[in-house]
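Structural overview
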Amino acid sequence: MIRFLTILLLICFGLSSLAQDKDLIPWQAERRLTWNDFVKKRDNGQNGLKALTTAGIGVEFECTGPEPKVLVTCHFKKKESWTRTTESDALLAHEQLHFDATELFARKLRKKLTELNDPCSKGSGRVQGIYNSNFKELHDYQEQYDKQTKHGLNAKEQAEWFLKVAKGLKELEDFASK
């Protein structure tokens, strides 16, 4: 139920594709998670949790010409995500919203990076700072989500979070994963 977060940052001088990793499921609005996506063996050391989602944001940044090439991806890591039960649609929906929230922050990051003036002249430190700030905001957001919904057990709060994340995704639709 709790969000375990792995965020990747690749500031590199040659773009490589994270999408080729078969362990990663890229975020897509029409592709919802299923329990079959949670392939890690159950983790007994997680204080009674029933499921754990590992999702991340990858950033690839290249400055070889006048304009930077930036790729921001949101992905679910199958081999690091697990569940103790496949019987609860509500629990799966809670885990899906962790993934959706990660996409929300990928969109926020894409927006921030596109608004940078001349990022190549400022070096990768500027991108790293924006990324670090975004990561902290995402981590705090995920923690607040689990706390307020009691890891999905509070149906009223869960419904409010569905609306909150959906609204955020809609507002940043121009920066959606493609």
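Everything discussed here concerns the structure shown above.
This report concerns the structure included in the present document. (Residues numbered from 1 in each chain as written. Predicted model: local features only at pLDDT ≥ 70, side-chain atom pairs only at ≥ 80, totals over all residues. Heavy atoms only, no water.)

Okay, the overall build of the protein chain next. Within the protein chain, the regular secondary structure consists of four helices and six strands. Its helices and strands taken in sequence order, the protein chain reads β-β-β-β-β-β-α-α-α-α from the N to the C terminus. Residues classed as buried in the protein chain amount to 42% of the 178 residues present. Pairs at least 24 residues apart make up 80% of the contacts formed inside the protein chain by residues separated by at least 6 positions. Of the roughly 9,700 Å² of accessible surface on the protein chain, 53% is carried by carbon and sulfur atoms. (Helix = DSSP H or I, 4+ residues; strand = E, 2+ residues; numbered from the N terminus. Buried < 20%, exposed > 50% of the residue type's maximum accessible area, 1.4 Å probe, protein only. Contact = heavy atoms within 4.5 Å. Areas by Shrake-Rupley, 256 points an atom, 1.4 Å probe, with all protein chains shown as cover.)

The buried count for strand β4 (residues 51–62) comes to 12 of 12 residues, which makes it a mostly enclosed element. With two bridges joining them, β4 and strand β6 (residues 82–83) adopt antiparallel strand pairing. Residue pairing across strands places Ala51 opposite Thr83, the latter belonging to β6. By the bridge criterion, eight bridges tie β4 to strand β5 (residues 69–77) in an arrangement that is antiparallel. (Pairing = 2+ DSSP bridges.)

With that out of the way, let us pick up the side chain of His94. Within the secondary structure, His94 is located in helix α1 (residues 89–114). Its relative accessible area of 0% is what places His94 among the buried residues. Within the structure, His94 has its side chain in polar contact with the side chain of Asp146 (distance 2.8 Å). (Polar contact = N/O pair within 3.5 Å; in protein donor to acceptor, adjacent residues only side chain to side chain.)

Turning our attention to the side chain of Ser81. On the secondary structure map, Ser81 appears in the loop between β5 and β6. A polar contact of 2.7 Å, which involves the side chain of Ser81, links it to the backbone oxygen of Lys77. Residue contacts for Ser81: discarding those within four places in its chain leaves Phe38, Val39, Lys40, Leu52, Thr53, Thr54 and Phe76.

Moving on, we come to the pattern of salt bridges. Under the definition given, this model contains 11 salt bridges. The salt bridge partner of Arg110 is Glu103, with a shortest N-O separation of 3.6 Å. The burial state of Arg110 is the same as that of Glu103; both residues are buried. A salt bridge links Lys170 to Glu173; the nearest nitrogen and oxygen atoms lie 3.3 Å apart. The class of Lys170 is exposed, set by a relative accessible area of 55%. Overlapping salt bridges bring together Glu103, Arg107 and Arg110 as one network. (Salt bridge = Lys/Arg side-chain N within 4 Å of Asp/Glu carboxyl O.)

Everything listed is a geometric property; what it means functionally is a separate question.
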